[in-house]
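# Close look at the chain arrangement
Each chain is listed here by its residues.
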Amino acid sequence: MFWGMSPSLYKHLVEVGMPLSHTIAVTGLGVGIAMYVIAGLRSGSWHIPLQLSVYGAVCAFLMNIPFAINLFLAGHVPPTELAIVITLSPFMNYLLALATGWEHASPRRLLAIA
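The following paragraphs examine the structure supplied in this document. (Residues numbered from 1 in each chain as written. Predicted model: local features only at pLDDT ≥ 70, side-chain atom pairs only at ≥ 80, totals over all residues. Heavy atoms only, no water.)

### Brief notes about the overall build of the chain
For the chain, the count of helices and strands is 5 helices and 0 strands. Secondary structure elements of the chain, listed N to C terminal, follow the sequence α-α-α-α-α. Considering only C-alpha atoms, the chain reaches an extent of 45 × 45 × 25 Å along its principal axes. By the burial criterion, 15% of the 114 residues in the chain qualify as buried. Taking the intrachain contacts of the chain between residues at least 6 apart in sequence as the baseline, contacts between residues at least 24 apart amount to 57%. (Helix = DSSP H or I, 4+ residues; strand = E, 2+ residues; numbered from the N terminus. Buried < 20%, exposed > 50% of the residue type's maximum accessible area, 1.4 Å probe, protein only. Contact = heavy atoms within 4.5 Å.)

Shown next, in the form of structure tokens:
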């Protein structure tokens, strides 16, 4: 559901003039807070180790680079085409990983893709 709705939402945010930096910050904080709450409820501990905070910050930074490109493209590409690209990218990444030998085919992963 997310993959189908997000391109239309991104297109709308671009059309109403919301800066890319605001969209990234708001969605990043929302996801971060949701993950913190879920982890706290599951473990019963609300303490976050420093190493985990650094790891999360680096992952968030690296994930926001393609996210920013996606948001930029949302203003220039029809939402349906963007949805196709977003949906197909995990398949293409897995095929590329198989072709280059970075990944080995496993029944579990192939079933997840199917």
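### Looking at the nonpolar core
Counting residues in each nonpolar core, the largest one holds 7 residues, listed as Tyr10, Ile24, Phe67, Leu71, Ala74, Leu82 and Ile86. Counting residues per element, the ones that place at least two in this core are α3 (50-74) and α4 (79-100). Per element, the largest residue contribution to this core is 3 residues, and it comes from α3. In contact with Leu71, not counting residues within four places along its chain, are Tyr10, Val14, Leu20, Thr23 and Ile24. (Core = buried A, V, L, I, M, F, W, Y, C linked by side-chain atoms within 4.5 Å.)

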